[in-house]
Amino acid sequence: MKAIRITLAGLLLGAGTLAAQAADPGFALFDTQVHFYSDDFAKFPLHDEHAYMGQAVMTRRAAEHPTLPRRVFADWKAEGVGSGVGIQYGAAYGADNRYLLSVASRFPAKVRPLVILNPEAPGAAAMLVKLARDHDVAGFRKLGHRAPDGGYPWLRTPGMLALWKAADEHGLVVELMAYPRAPDPRFLHDVGELAARYPHAKIVLDHLAWAMAGPAPDYGIGAPFEALASARNVYWKFTTENLEHAHFRPRAMQDLVQRAVHVFGADHVMWGSDMGNTMLPYPRMVQAALVATEGLDSAQRRAVLSTTGESVYAAAKP
C-alpha cells in the first residue's frame, strides 16, 4: 500500500481550521459510502426531479463534478483506500440503479453495490434477490420521513416487509436513513423491533442515526442508542456529516467515535466518506476520519476503517 502522510494543518474544514496530524494507519481503508453518478446524460439520464438539494443543483453537480470511477479510484489510490461500497444515489437516479450496476460490473473487485428499490413496486423483493444473485448486490437502502404522528410507517409497509423477509432469508443489508436529520428514540425503538423480527438481515444505520457529538458522559450516544447495543444485526456508520456536526474538532470527533465503539463494539461501527453527497475534497474527508479514529487501539481502528465494512457488505449469494 502506498504510504500516506495525512496532515490537516492549515486545511479549512467547514466551521474552522483543524490543526492536527494523523499517521498512516498501515492498512488499506474501506469506504462504505460513495455515491456514483455520471455526466453521460444520454446513456444514464438523471431522475433528479425530487432531489433534496433541488433539481438544478443536482444536474449541475453531475455535469461539473461527476463521481466517475476514474475520479473515485484516483482519490482512493492517493488516500490509501483499497475498495468500497457504491451506494445508489436517490437524489440523482431514484430507484434507477443502472449506472451503479454498470460501475460495479466493470470493477467488481473495487465496488460493492447497494441499490435503492421501490418497496411497493410489484416483485421488489424478488428483484432484490435476483440482483444479489446476478450482480453481487449487498442489499438495499431505504430513506423515509417521520410521519405527522411521530411514527415511521414506511418501515412496515407490505412491500417493505417483503423486502425485510428477503434480506433476512439471504443475509442481505437493509440500510436505513430517517428524516428529519436528528436522533429520534422512536425510530431507534422501531429498528430494534425489526432487528429482533429479522435477525439475519444486516441493518446499517446511516450517519449513526443522526447521533450528534455532545458532552460527556454519553457524547451524543445516550440511552435510546444504548438500547440497541444488544441487537447484534444492527451496524452503525459514521460519515463526514457526523464529523461536520462536530465542527471537525479532533477531541469532539474522537469522543463520538470512541463512544460508538464503546457502546456497540468496533465490529459494529464503520466509516463512510459520503463522497458525491458531501461536497468536500476527498482528502479532507479521509483525513478527518483518520483523526476521528486516532483514539482507538490498532485493532479497533482497523475494524472501524476497514474490516467491519468489508464484512457487512460482503456479497451474499442467494
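Structure's up top.
Worth saying up front: this structure is predicted, and the values here are computed from it rather than measured.

K.L.:
Where do I start with the packing of helix α10 (residues 250–264) against helix α11 (residues 282–292) in this structure?
P.N.:
The description of two helices packed together rests on the angle between their axes and the distance between the axes. Across the interface, α10 lies against α11 with an axial gap of 8 Å and an inter-helix angle of 65°. On the basis of the axis angle, α10 is roughly perpendicular to α11. Here P250, M253, Q254 and V257 of α10 come into contact with α11, specifically with A288, V291 and A292. Split into classes, the residues belonging to the contact of α10 with α11 amount to six nonpolar, one polar and no charged.

K.L.:
Quick question: what am I supposed to make of the sheet that holds strand β8 (residues 139–145) here?
P.N.:
Within a sheet, each strand pairs with its neighbour through backbone hydrogen bonds, oriented either parallel or antiparallel. Across the sheet, eight strands lie side by side as β5-β6-β7-β8-β9-β10-β11-β12; this open sheet has parallel pairing. Each edge of the open sheet carries a strand with a single partner, namely β5 (29–34) and β12 (269–272). Strand-to-strand twist across the sheet, computed as the mean angle between neighbouring axes with direction ignored, equals 25°. Of the pairings in the sheet, the one linking strand β7 (residues 111–116) to β8 comprises three bridges and is parallel in character. Paired with I116 across the bridge in β8 is R141. Its contacts with the sheet place helix α6 (residues 158–170) against β8, β9 (173–179) and β10 (202–205), and it is angled at close to 145° to β9.

K.L.:
Can you walk me through the pattern of salt bridges in this structure?
P.N.:
Oppositely charged side chains can pair when the atoms bearing their charge come close. Summed over all chains, the structure comprises 14 salt bridges. Ionic pairing is found between K130 and D134, a salt bridge with its closest N-O pair at 2.8 Å. Within this pair, K130 and its partner D134 are both found in helix α5 (residues 124–135), separated by four residues, close to a single helical turn. Residue R181 pairs with E241 through a salt bridge whose shortest N-O separation is 2.9 Å. Separated by 60 residues along the polypeptide, R181 in the loop between β9 and α7 (185–197) and E241 in helix α9 (residues 240–245) bring together distant segments of the chain. A residue is classified by how much of its surface remains accessible, and R181, at 31% relative accessible area, is partly exposed. A single salt-bridge network, built from bridges that share partners, covers R141, E175, D206 and K237.

K.L.:
Would you take a moment to explain unusual backbone geometry for this structure?
P.N.:
Among all residues except glycine, the phi angle is most often negative; among peptide bonds, the trans geometry is most common. Residue P180 follows Y179 across a cis peptide bond; omega there is 5°. Topologically, P180 is positioned in the loop between β9 and α7. Looking along the chain, the bond that leaves A216 and enters P217 is cis, with omega of 10°. Position of P217 relative to the elements: it lies in the loop between β10 and α8 (223–226). With a phi close to 55°, A209 is a non-glycine residue in the positive phi region.

Cut-offs applied
- Residues numbered from 1 in each chain as written.
- Predicted model: local features only at pLDDT ≥ 70, side-chain atom pairs only at ≥ 80, totals over all residues.
- Heavy atoms only, no water.
- Axes fitted to C-alpha atoms, helices over the stretch in contact; angles between N-to-C directions.
- Helix = DSSP H or I, 4+ residues; strand = E, 2+ residues; numbered from the N terminus.
- Parallel < 35°, antiparallel > 145°, perpendicular 65-115°, else oblique.
- Contact = heavy atoms within 4.5 Å.
- Nonpolar A, V, L, I, M, F, W, Y, C, P; charged D, E, K, R; others polar.
- Pairing = 2+ DSSP bridges.
- Salt bridge = Lys/Arg side-chain N within 4 Å of Asp/Glu carboxyl O.
- Buried < 20%, exposed > 50% of the residue type's maximum accessible area, 1.4 Å probe, protein only.

This is a description of form; function is not addressed.
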